Structures are given as structure tokens and as C-alpha cells.
Amino acid sequence: MAETKALLMLENFIDGKFVPCNSYIDSNDPSTGEVYCRVPNSGKEEMEAAVEAARAAFPGWASRSPQERSQVLRRLADLLEESLEEFAQAESKDQGKTITLARTMDIPRAVQNFRFFASSILHHTSECTQMDHLGCLHYTVRAPVGIAGLISPWNLPLYLLTWKIAPAIAAGNTVIAKPSELTSVTAWMMCKLLERAGVPPGVVNIVFGTGPRAGEALVSHPEVPLISFTGSQPTAERITWLSAPHCKKLSLELGGKNPAIIFEDADLEECVPTTVRSSFANQVRSFIKKARTEGAQILCGEGVDKLNLPPGNQAGYFMLPTVITDIKDESCCMKEEIFGPVTCVVPFDSEDEVIQRANSVKYGLAATVWSSNVGRVHRVAKKLQSGLVWTNCWLIRELNLPFGGMKSSGVGREGAKDSYRFFTEIKTITVKH
């Protein structure tokens, strides 16, 4: 009984209030493998309450000026920044990433998301044209869509949740968000800041739970006209199928198998440390076992080196950084996204060869190219089938520009203009004078 009382109990946030749920699911501390948190196992009943709250809040929020909504987002960013260390500690414990990464990337980026869209919402323009011979003036206006359904993943919990919430409410929508049931704590903590920031009840609703219950209830609801989702391709296929009868707007940011192409003239002193970070930043053993049976060589890591953990972490979700070589392009390790510290190193002989091999996977989210030849950098970047190509760098983002993938890595783009267009509907108005 004492152990149960020690568990962190999350609640849904609906209409500006924390609401208990009739059913809960366990969430584990990845460093120990032990249950430390209980997350609402929401379904249709909870989602209906959230839709009702979002519907009631929409007219008032949509009627506010962009300047008024911007001020609210700025206050929310300030409050989040004031609690940065608390959020970083919670994100590290809940998700399993290092405290340094949560402290320097995840939470600061969540703060930046609110500040960025608080600013960008003030700078959009509309189109206007005249037909003098008919005495007509045409112009466009954009209006919020209504209730936005937002589904975010486990790997960047608050980072990607705020990347969706910020542009949605900046544009005047109300939202119902479903974070991953595996990493829900920082979303719950953020709810405590909403009233203090001036977010009216019902504008932001957070409903926790699994995809088959809470997710499907959100996606299939006829009063939720758009869905922004980050996650796996199979789940995206299900969302598309459920959304089709309602012709919903969809933004789908899916998986990636991002090649890092290193040419012989690359600056290795800069390239190698950055590529190591990009390869091992996430937290899968079946892939490694299969690669071994296919004849690949495991240079270091799983199955080669021993992982020594303190007694309290023996049941935690740890694995050694693993490097695989002598692996075929057809291997699952070369084709599928691996959410773990695993990288495959393979040689190539020419530009055309490496481009063809990089483009042979079904994904097209991002890529990196390392070379001191400026002409080569431009040639290769242009030919790669990736929505984003970093050259001689990694993970430098300009939030004004589009982010999103090609092929099976998704549908749509996110960024200042792209997110604004997605979270609004355009209307053409003609005036005869």
C-alpha cells in the first residue's frame, strides 16, 4: 500500500481542470524498470468531454486578436523557462534521456516553440488583387479551423508537443492533445502553467492514454477537423483510414532512416564527433541479432562488450552504443528506423553510388552530407530524397523554414508559414464597387 501511495498519479486536463480517470496504466522509470507513475487510460468518454470543452472555448479564443494570443504564448514561455530545471529533471526521468540533453535541448526548445509562434503569428500577410475593368477587388483571409487534434511521440515529449500546441493556439484554434502514454509527465506539468499564463479554460485540453483507445477516439471524432501526428508509419495509416470519412486535414511526420554521407575530403575533426552524437542520441536488440545472422560484424557494443550497471539499474532499459559493419543494404538495420544507439558504417566509391543507396530506403526525413567541396555539397543535397539535408553540420534548425519528410516519412510540412497554413482555412472574398 505504501508503494502505491508513492506513485505519481497523473490526471487529464479538460476545460481548465484536472479530471481523474476511471482507469489507469503503469508508466515505468526507464533507469530502473520500475513503475513510478500511473497514466489515465482514457477513452471515448474522456475525449467527448474534451471536445465539449474545446468547442465551447473556440468562439472566444478565435475572436481574440493575434496580439492578444501572442501575449498569452509569451507568458507561457516565460513560466516554462522559470521552471526549466524542474521540467528537465522530469523529462530525463520519464523518457530516459540524459539530464544534460533535457536541460540544453528539449526544454529550451519547448520554450522557444512558444516564443517563436508568439512572434510569427504577428507577421503573416494576405493576398489582394484588383480587376479594374469589372470594378472588383479580391482579397484573402485566413481563419482558425476549430478543434485541433494533436498526437505527439515518446522520444521528444515536451519538445514536439509544444511544437504542435504553439502554432495551433496562436492561430486561434482550441486543441485536444494526446501525448504518448510512455512519456506523459511533462505534458501534465505544463498544464499547471496554463491558467497562470492566461490560457482560458478549454483552449488547451490534454487527454492521456493509448493510441487504440484515446488516440482513435480523438482521430475519429467528427468535430475534430484536423489531426497533427508525429509517430510511426503504421499508426499514420490507421489515422488516414479513420480520418477519410470526415475529409480531415492531416499533417503526418513519420519515421526516418537518415543517412550520414561522409566524403574523403570531409573535416573529420568536426564530422566524427557530430556524427557520433547524431547516431547515438536516441535510447533493440532484435535488430542486432538479425544483423549478426545476416553476416554483419559487430565492432563494439551489444554482444561484444559487457555492460556494467549499478544494482539499482540492473532492470533498467540500457544498452551499449553499437557499431555494425560488413552489412548489406538489404538488411533491416539499413532499412528500418532503430530507436537505439546503433549505427551502421558502410563504404562507398562515388557520388552516384552513395546517392542511389541513400535513396533506396522507403523513408526520406533527413540526411547529412560532409565534404569540403562546395559544388559536391550542393549536387548531393539536391539529389537526396530527403525533406531536410544538413551539410557539414547537424540539427541546426531555422524554424521559419519547412520541416517534414518525403516518401514514407510523412505528409505535409511544419514551420512558421506551413504551420500557419495548416492550422487555418483560407477564404477568398470578392467586393464589387
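For the structure, see preceding data.
Residues numbered from 1 in each chain as written. Predicted model: local features only at pLDDT ≥ 70, side-chain atom pairs only at ≥ 80, totals over all residues. Heavy atoms only, no water.

Asks: Explain the pattern of salt bridges to me, please; I cannot follow it from the model alone.
Replies: Side chains that differ in charge, positive against negative, can pair when their charged atoms come close. Taken as a whole and judged by the stated rule, the model has 16 salt bridges. The partner of arginine 115 in a salt bridge is glutamate 81, and the shortest N-O contact between them spans 2.6 Å. In this pair, arginine 115 sits in helix H5 (residues 99-120) while glutamate 81 sits in helix H3 (residues 66-82), placing the two residues 34 residues apart along the sequence. For arginine 115, a relative accessible area of 29% translates into the label partly exposed. By relative accessible area, glutamate 81 is classed as partly exposed at 39%. A salt bridge links arginine 238 to glutamate 216, with the shortest nitrogen-to-oxygen separation between them at 2.7 Å. Of the two residues, arginine 238 sits in helix H9 (residues 233-243) while glutamate 216 sits in helix H8 (residues 211-219), which places them 22 residues apart along the sequence. Three or more residues are tied together by salt bridges with common partners; here these are Glu264, Asp265, Glu351, Arg376 and Arg379. (Salt bridge = Lys/Arg side-chain N within 4 Å of Asp/Glu carboxyl O. Helix = DSSP H or I, 4+ residues; strand = E, 2+ residues; numbered from the N terminus. Buried < 20%, exposed > 50% of the residue type's maximum accessible area, 1.4 Å probe, protein only.)

Asks: Sorry if this is basic, but what is going on with the environment of valine 380 here?
Replies: On the secondary structure map, valine 380 appears in helix H14 (residues 374-383). The contact partners of valine 380, leaving out residues within four places of it in the chain, are Ile261, Phe263, Glu351, Ile355 and Val369. (Contact = heavy atoms within 4.5 Å.)

Asks: Any chance you could explain the nonpolar core here in plain terms?
Replies: Across soluble globular proteins, you tend to see nonpolar side chains buried next to one another. Within the largest apolar cluster, 64 residues are counted, with the highest numbers of intra-cluster contacts made by Phe114, Ile165, Val204 and Ile206. Take this core: its biggest share by element is ten residues, from helix H6 (residues 157-170). In terms of nonpolar packing, the next biggest core, distinct from the first, is built from 22 residues, Ile151, Ile176, Leu252 and Leu254 among them. (Core = buried A, V, L, I, M, F, W, Y, C linked by side-chain atoms within 4.5 Å.)

Asks: In this structure, what is going on with the pairing of strand S6 (residues 128-131)? I would like to understand it.
Replies: Along any regular strand the residues' side chains alternate between the sheet's two faces. Sheet analysis places S6 next to strand S7 (residues 136-144), joined by four bridges and oriented antiparallel. Paired with methionine 131 across the strands is cysteine 136, a residue of S7. Where S6 folds back on S7, the antiparallel hairpin that results is connected by four residues, among which glycine 135 adopts a positive phi of roughly 65°. (Pairing = 2+ DSSP bridges.)

Asks: Help me understand empty space enclosed by the protein, please; the structure alone is not making it clear to me.
Replies: To find leftover empty space, one rolls a probe the size of a water molecule over the atoms. Volume-wise, the largest cavity comes out at about 50 Å³. Taken together, 14 residues form the lining of the largest cavity, with Pro259, Ala358, Tyr363, Gln385 and Ser386 sitting closest to its centre. Tallied by class, the residues present in the lining of the largest cavity amount to seven nonpolar, five polar and two charged. The computed volume of the second largest cavity comes to approximately 40 Å³. (1 Å grid on protein atoms, 1.4 Å probe; cavity = no way out; pocket = protein on both sides within 12 Å on 5 of 7 lines; lining within 4 Å. Points joined across faces, edges and corners; volume = space filled by probe spheres on them. Nonpolar A, V, L, I, M, F, W, Y, C, P; charged D, E, K, R; others polar.)

Asks: Just to check I follow, could you spell out the sheet that holds strand S4 (residues 24-29) for this structure?
Replies: Read across the sheet, three strands follow the order S1-S5-S4 without closing on themselves; strand pairing throughout is mixed. Both outer strands of the open sheet, strand S1 (8-9) and S4, are each paired with one neighbouring strand and no more. Taken together, the two bridges between S1 and strand S5 (residues 34-40) define a ladder with parallel strand orientation. What sits directly across from leucine 8, in S5, is cysteine 37.

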